[in-house]
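# Geometric and topological summary
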Amino acid sequence: MSWNNSLYTNVGTDMMSEVLSGATMTITKAVGGSGTTAAESLAALTDVKEQKQTLKILGIEDATDSSGNDAGKRIKIQITNEDVETSYILHQVGIYAKLAGGEETLLIIMQDDRGVEIPSHTENSDFSIELYGIMAISNLANISVTVDPNAVASVAMVTKQITQVNTKIDDTKKALQDEAKKTYMEKAGGTFTGPLILPGGLTALGYANNAGNRNAMPPRDRSLGSVTSEHLEMIASDQYNELFLGDYWTSDGVDWVIGDFKYWHNTGDTACTKPHVVVFPRNNLYTYKFNPTNTTEGGYVGSDLYKNGLTQAKQMVTAAFGSAHILNHREYLVNAVTNGAPTGTDWYDSTVELMNENMVYGGRQFSPMPNGATDPWNTCRNYTIDKSQLSLFRYEPWMICNRNWYWLRDVVSAAAFARVYGLGASDCNNAGAAGGVRPVVGIC
């Protein structure tokens, strides 16, 4: 086999110019034919003459010359006769390719004027030849190949591949061992002393999975998808594993963000003992008036928002997490107001509630406090078990403001309840205004 005429086609030359400019090309197939073409007309071909069979492509590799210099790419083609019913003389081998998003076309044509006899499968069932085509182009070119999975592997090919794989495994193993010696601390006395240094300069610190640890760790802000049984089992076991502040579940387009771990633990006239996480929606769920008129009479518990305005929120929480996983704990809530100050409170079963100023800001902003009267207990009953800021708001205070104002449950005056203003300020508004509903709920 001399293959005395081998060259790029005219279209192939244009394709290689684009490859050198950064385009990606894929070698798709090789075809054998029995026809011949005048040497001066070979470059104009767009298909192999008198096609007889599709050949198998074994792979593509970097090629070097006798001095070890870059010689381009070498394509390995296998010629068998497993589908040949009638013997023929093979004169042409064409290599086809396409650019990303382009059409398949003839890239290289190789012609042997003398030809090679390909016997029929019945004449010689073991016939096989391997042919190499050299593409003179930089090894850095973006060229890939579609390898025929039905190629026949010779013993020599298999042995070569095994040797190459074993060499890569040995080299990788040695590299990892060398990196470990340089990067990781020696183990002494059965324990590591000092921080564990990871590749890239990162430091791994041990941490527990308990609620206190989670509330003390910076938020991760990762999507958890929909809630799973594994997530709920983590919460129930008080071992939070893959749950962190800022992580969120998504249900019906609402992100329920983890704001705290075990916030209500051991509170209430009946102690809350179930492990839980506190979640709230990233954005307001909808708008609702605290009361039809501008009054805070009856406090939070006596308001229309408390009685009716949270119904939709409770339905959304149930759809997202299931009724069995909504924490029912005891809350101390305002049920009477005198002269704009809370004067009545009691214990209530609580599932989904509006946040108060303490949970959001970490302290009171607009809601009144005892003014030094001799009976502070009754002149301003504004005390609550929700007395501290949610941990996520401590780390990420920008989460407080979602650019749409929403209600808080604190009484501010005879006409107004507290709110978080859309521009980020602590504020209040008349009860008859339609404000955002952004509640909190415990998931257990």
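A few words on the environment of Ala100. Residue placement: Ala100 occurs in the loop between β5 (88-99) and β6 (105-118). Taking the C-alpha atoms as reference points, Ala100 and Thr26, separated by 74 residues in sequence, lie 7.6 Å from one another.

Okay, the pattern of salt bridges next. Under the criterion given, the structure shown has 14 salt bridges. Residue Glu242 pairs with Arg220 through a salt bridge whose shortest N-O separation is 3.7 Å. Of this pair, Glu242 sits in the loop between α4 (229-236) and β11 (248-251) while Arg220 sits in the loop between α3 (211-216) and α4, and the two are 22 residues apart along the sequence. By relative accessible area, Arg220 is classed as partly exposed at 28%. Between Asp247 and Arg220 there is a salt bridge whose closest N-O contact spans 2.5 Å. Remark: Arg220 occurs in the loop between α3 and α4 and Asp247 occurs in the loop between α4 and β11; sequence separation between them is 27 residues. Classification of Asp247 by relative accessible area gives buried; the value is 0%. Here the residues in one salt-bridge network are Arg220, Arg222, Glu242 and Asp247, joined through shared partners.

We now examine the pairing of strand β15 (residues 329-338). Most of β15 sits out of view: 7 of its 10 residues are buried. Adjacent in sequence and paired antiparallel, β15 and strand β16 (residues 341-350) are bridged by 2 residues, among which Asn339 carries a positive phi angle near 50°.

Take the packing of aromatic side chains next. The final tally for this structure, using the stated rule, is 13 aromatic pairs. The interplanar angle of 70° and the centroid separation of 6.2 Å between the aromatic rings of Trp256 and Phe321 together place this pair among those described as edge-to-face. Here Phe321 lies in helix α6 (residues 311-321) and Trp256 lies in strand β12 (residues 254-261), a separation of 65 residues in the sequence. Between Trp407 and Phe417, the aromatic rings sit 6.5 Å apart at their centres with planes inclined by 85°, giving edge-to-face as the arrangement. Taken as a pair, Trp407 in strand β18 (residues 406-411) and Phe417 in strand β19 (residues 416-420) lie far apart in primary sequence, 10 residues in all. Taken together, the aromatic side chains of Phe290, Tyr300, Tyr306, Trp405, Trp407 and Phe417 make up a single cluster linked through ring pairs. Arg214 extends its terminal NZ or CZ atom over the ring of Phe244, reaching a point 4.1 Å from the ring centre.

With that out of the way, let us pick up the side chain of Asn402. Checked against the element boundaries, Asn402 lands in the loop between α9 (391-395) and β18. At a separation of 3.1 Å, a polar atom in the side chain of Asn402 contacts the side chain of Asn284. At 3.0 Å, the side chain of Asn402 and the backbone nitrogen of Asn404 are in polar contact. Among all residues touching Asn402, those that are not within four sequence positions of it are Arg282, Asn283, Asn284 and Arg438.

The rules behind these values
Residues numbered from 1 in each chain as written. Predicted model: local features only at pLDDT ≥ 70, side-chain atom pairs only at ≥ 80, totals over all residues. Heavy atoms only, no water. Helix = DSSP H or I, 4+ residues; strand = E, 2+ residues; numbered from the N terminus. Salt bridge = Lys/Arg side-chain N within 4 Å of Asp/Glu carboxyl O. Buried < 20%, exposed > 50% of the residue type's maximum accessible area, 1.4 Å probe, protein only. Pairing = 2+ DSSP bridges. Phe/Tyr/Trp six-rings, centres within 6.5 Å; stacked < 30°, edge-to-face > 60°. Lys NZ or Arg CZ within 6 Å of the ring centre and 35° of its normal. Polar contact = N/O pair within 3.5 Å; in protein donor to acceptor, adjacent residues only side chain to side chain. Contact = heavy atoms within 4.5 Å.

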